[in-house]
Amino acid sequence: VLDITYMFGPDAMAVEEVTEGASQDNVIVVRAARAAKLGARAGRLSRAVKLLKMLPGMSTKEDASKVKIARVISNQLNTVLSTRVAFLTICVVVVLPLFQMLQYPEMDDSMGTWAELLDRNAAFFKQATNSTERLEQQALLQTEVERMMSAYDSFSYGPFHVCYGDLSSSGTFECRTDLLNLNYTSKFSMPQRKASIREYSQEAIQVSFNLVVPKQEESAAGMGLLCFVVLVMCIFGLLMSQSISQVALLPLERMLSVVRQRCQQIFKYTTDLKEEEESEDEDDDDQELEQSSEFMLLEKVVKKLAAIAHLSSVAGEPEVKDNMTENEIMTLNWLQGASVANGRKMMEGEDERSTSMAIPTPRGKEGLSAITGKIPANTLEELNTPDFNALSQTVELKIAIGTYVVWVHEGCLAWVRDNVPENTLFKFMTAVEAKYPSENPFHNFSHGLDVLYNVSRFCRLANLQSTFTETSQFWLLIAASGHDLGHLGVNNQFLVETTHEVAVKYNDRSPLENLHCAMLFQITNSSPDTNVFSNVDKDTYKEMRKGIIAAILHTDMVKHNEMIKELSLLYQMNSDALDSLKADGVVKSSAATTQTLMNALLHCADIGNPMKPWDLCYELAHLCLDEFFAQGDVEKERGIPVQVLNDREKVNRPNSQVGFIEFVICPMAESICNIFPQLDNLAHHLGINVQNWLQLWIDEASPPEEQTSKVSERVRRVVLRLKAV
């Protein structure tokens, strides 16, 4: 039972034979091979260590669902280290038998020596020529046999049978008791299992040894060694697993947990967004975040950082290309260009976009006061579409419409009704209209009203009523109405160049924009009848004033490139939430982000004429160019350099609009539509308008075919960019 070879070794009923002339097995090599085999079996048993995870208190199922890749790394480390431990154990198993070299019977050569000695005596007996000599040799052989028997009296193994005979050429020994019968007494008997018999067969003698006890001891030692190996591997496996957890797994879990948290911050996933997506189980991006590994998140972050680095390294001004016309180069130099934001999805169709912009609102004739009741019904309807034209309204209607837009704006309706009397708002609008120079072809109250209408509509279409606070939306509308108050009909560069008193007053830093801010607060502070902030507490008023000043100052075209870059970075940092139309968390992530987006909405509304329907776009563009040309005429009269786009004799109107759209408005449309996809109809109109300007330029200027082809290709790329938002 203790002999493991009974089940896995050689046949237990086969006698171990050692014949004369046969090569003796190298005992050390045999033992090492057998030990290696046992070690290999023990190595395979190392997999059983994994079953220990099933024991109470050692299950890590819950932790594995949280840390994911950390457990994968842990399992890989366990596998590698388990292999090393198994290899080490096998080496130990191979080395341990070397210490048994001096033990019997493995290294006992006496058995073979006795067989050779008896065979020599048997040979003398066989060579005897007469009976006397035979008797002498027989007695001598008998004496040697008895001496051999007595020699093993103190051992646990020894001979139990000796016979005289012949060894055939096939290695089979045949006892010839008829020729010589040896008489002896042995304390050993024939074992029941022949595997415990070792026979030494010589030319004339065969000696059989009983090795029952050594075989049992050897088998017991083998089984003990195997159990010891398994035990060592289990112990070392548990210790190694614990070491891995302490040294590698726990720090890795902490690190990857931080990675996941930082990734969520980078992607701006708000708590509300995650809770909503977990309950509805509809948002693929959030599921991807939860199911993906931390390394996938790291890869995603690296891609975002690469995009951010690219945006940060983009030059402030686009390059002047060889295929640009003189008008386009002038436009490029004046406008200072812009960087390109990434688009997101292709437009599905014009009809769908046109209807998507006409969002029903609670506006109507019902409940209007005497102030706003004079607004025609068709004008109220136009306020719900992109077709509202402030130029076609009378001064009285413009004031009423401005009052109406602020009074009924959904995002701050309740707050305005509680804190701003309608009559105060009306008188404020009246004072604002009076401060806009009516002699300006473009920068007059019509433009101020148009920007107010644009901002209100952008907030409504982008569903920002609940995103921005009521007070924020109110001050944004006030800033829009007065963002160009007191405009002098010339740009900042002209004021600086001519050392105008406004430029001197504001140290050449956005002099017009500073003037607009100052005049706006002069209106509110000049009389309680026009002070729309009279019922606002001091802290709220400070926040409103700060926001209004920042928003109006950012309408300076000098800040355009910086704003485009900020919006592009904002989108890259929050593309997951923004692509899923969940801008609330992004907007509310910080006060700086909120201010940036409100600045962008006002700036987009201010320069958004090319993003209106074609008829409005065409009319407003010509009015703006008329104002530029009027400034150019003054520059010529004063003998100062005429700024680009101001020389009516050199600038081609349609071509200048193509460059204006390509370098300024297209990047703005991409950026604003990336952040607020609901405004994508702006890009739709812009794509149509740039193609119309191209065709007008071709019809009016009849440019060479090569130049037409180059500009057409640029327009085609602009249209593709706009379709991709």
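Residues numbered from 1 in each chain as written. Predicted model: local features only at pLDDT ≥ 70, side-chain atom pairs only at ≥ 80, totals over all residues. Heavy atoms only, no water.

So, about the overall build of the protein chain. A count of helical and extended segments in the protein chain gives 30 helices and 5 strands. Of all 725 residues assigned to the protein chain, the portion counted as buried reaches 48%. Of all intrachain contacts in the protein chain linking residues separated by at least 6 positions in sequence, the fraction that spans at least 24 positions is 76%. (Helix = DSSP H or I, 4+ residues; strand = E, 2+ residues; numbered from the N terminus. Buried < 20%, exposed > 50% of the residue type's maximum accessible area, 1.4 Å probe, protein only. Contact = heavy atoms within 4.5 Å.)

Residue T499 is not a glycine yet carries a positive backbone phi of 50°. Position of T499 among the secondary structure elements: in the loop between helix 19 (492–497) and helix 20 (501–505). In this structure, S702 is a non-glycine residue whose phi angle is positive, near 45°. Tracing the sequence through the fold places S702 in the loop between helix 29 (680–701) and helix 30 (705–723). For S702, a relative accessible area of 56% translates into the label exposed.

Burial within strand 2 (residues 158–167) is extensive, with 8 of its 10 residues counted as buried. Relative to strand 3 (residues 173–175), strand 2 runs antiparallel, the two being bridged by 3 bridges. By the bridge assignment, G165 is partnered in strand 3 with C175. Taken together, strand 2 and the strand that follows it, strand 3, pair antiparallel across an intervening segment of 5 residues, in which G171 is found at a positive phi of about 95°. (Pairing = 2+ DSSP bridges.)

What follows is about the packing of aromatic side chains. Applying the stated rule across the entire model yields 16 aromatic pairs. Seen from their ring centres, W614 and W693 are 5.0 Å apart, and the 70° between their planes marks the pair as edge-to-face. Highlighted residues: W614 in helix 27 (residues 614–638) and W693 in helix 29, separated in sequence by 79 residues. W614 sits in the partly exposed class, given a relative accessible area of 24%. Residue classification places W693 among the buried positions, given a relative accessible area of 1%. The ring of F125 carries the charged tip of R134 above its face, separated from the ring centre by 5.4 Å. (Phe/Tyr/Trp six-rings, centres within 6.5 Å; stacked < 30°, edge-to-face > 60°. Lys NZ or Arg CZ within 6 Å of the ring centre and 35° of its normal.)

On to the state of the cysteines. Summed over the entire model, instances satisfying the criterion amount to 1 disulfide. Each sulfur in the disulfide pair C163 and C175 lies 1.9 Å from the other. Between C163 and C175, the disulfide has an S-S torsion of -50° and is therefore left-handed. With C163 in strand 2 and C175 in strand 3, this pair connects stretches of sequence that are 12 residues apart. Considering cysteine sulfurs only, C412 is the nearest to C459, which forms no disulfide, with 8.8 Å between them. Of the residues examined, C459 reaches a relative accessible area of 1% and is grouped as buried. (Disulfide = S-S within 2.5 Å.)

Let us look at helix 6 (residues 131–151). A rise of 1.5 Å per residue sets the reference length of helix 6, with its 21 residues, at 30 Å; its end C-alpha atoms lie 30 Å apart and thus fit the reference within 8%. Of the surrounding elements, those touching the buried residues of helix 6 are helix 5 (110–127), strand 2 and strand 5 (205–210). A distance of 3.3 Å separates the backbone nitrogen of T132 from a side-chain oxygen at the start of helix 6, and that oxygen is part of N130. (Expected span 1.5 Å × (residues − 1). Polar contact = N/O pair within 3.5 Å; in protein donor to acceptor, adjacent residues only side chain to side chain.)

Turning our attention to the pairing of strand 5. Across the 6 residues of strand 5, 6 count as buried, placing the element largely inside the fold. Here strand 5 shows two buried faces, one formed by I205, V207 and F209 and the other by Q206, S208 and N210. Taken together, the 6 bridges between strand 2 and strand 5 define a ladder with antiparallel strand orientation. Opposite H161, over in strand 5, you have S208 as the bridge partner. Two strands pair when backbone bridges link them, and strand 4 (residues 197–201) and strand 5 are joined in this way by 5 bridges, in the antiparallel orientation. Each residue of the ladder has a partner; that of R198, found in strand 5, is F209. With antiparallel pairing between neighbouring strands as the criterion, strand 4 and strand 5 make up a hairpin whose turn holds 3 residues.

Bringing empty space enclosed by the protein into the picture now. Following the criterion strictly, the structure yields 3 cavities of 30 Å³ or more and no others. For the largest cavity, the calculated volume is near 140 Å³. Around the largest cavity, the lining comprises 14 residues; the ones closest to its centre are N454, F458, M611, K612 and L682. Of all the secondary structure elements, the ones that give two or more residues to the lining of the largest cavity are helix 17 (445–461), helix 26 (591–606) and helix 29. With 4 residues, the single largest contributor to the lining of the largest cavity is helix 17. Among the residues making up the lining of the largest cavity, the classes are represented as 9 nonpolar, 3 polar and 2 charged. (1 Å grid on protein atoms, 1.4 Å probe; cavity = no way out; pocket = protein on both sides within 12 Å on 5 of 7 lines; lining within 4 Å. Points joined across faces, edges and corners; volume = space filled by probe spheres on them. Nonpolar A, V, L, I, M, F, W, Y, C, P; charged D, E, K, R; others polar.)

Relative to each other, helix 23 (residues 560–573) and helix 26 sit at 125°, their axes nearing to 11 Å. Relative to helix 26, the element helix 23 is oriented oblique. Helix-helix and strand crossings are classified by hand; for helix 23 and helix 26 the assignment is left-handed. When helix 23 is examined against helix 26, the residues H560, M563, E566, L567 and L570 are found in contact with a partner set consisting of T593, T596, L597, N599, A600 and H603. (Axes fitted to C-alpha atoms, helices over the stretch in contact; angles between N-to-C directions. Parallel < 35°, antiparallel > 145°, perpendicular 65-115°, else oblique. Left-handed = near helix turned anticlockwise from the far one by under 90°.)

By the element assignment, K398 lies in helix 14 (residues 395–407). For K398, the residues in contact, after removing those within four places along its chain, are A390, Q393, F445, S446 and L449.

Time to look at the environment of P667. Relative to the elements of secondary structure, P667 occurs in helix 28 (residues 653–675). P667 gets classed as buried once you look at its relative accessible area, which sits at 1%. The spacing of P667 and S568 is 99 residues in sequence and 9.4 Å in space, taken between C-alpha atoms.

Looking now at the sheet that holds strand 1 (residues 16–19). Strands belonging to one sheet form pairs held by backbone hydrogen bonds; the direction of such a pair is parallel or antiparallel. An order of 1-4-5-2-3 is seen for the 5 strands of this open sheet, with the pairing classed as mixed. Since the sheet does not close on itself, it has two edges, and those belong to strand 1 and strand 3, each with one partner. Across the sheet, the mean angle separating the axes of adjacent strands is 35° when strand polarity is ignored. Packing against the sheet, helix 5 makes contact with strand 2, strand 4 and strand 5, and its axis sits at approximately 150° to strand 5.

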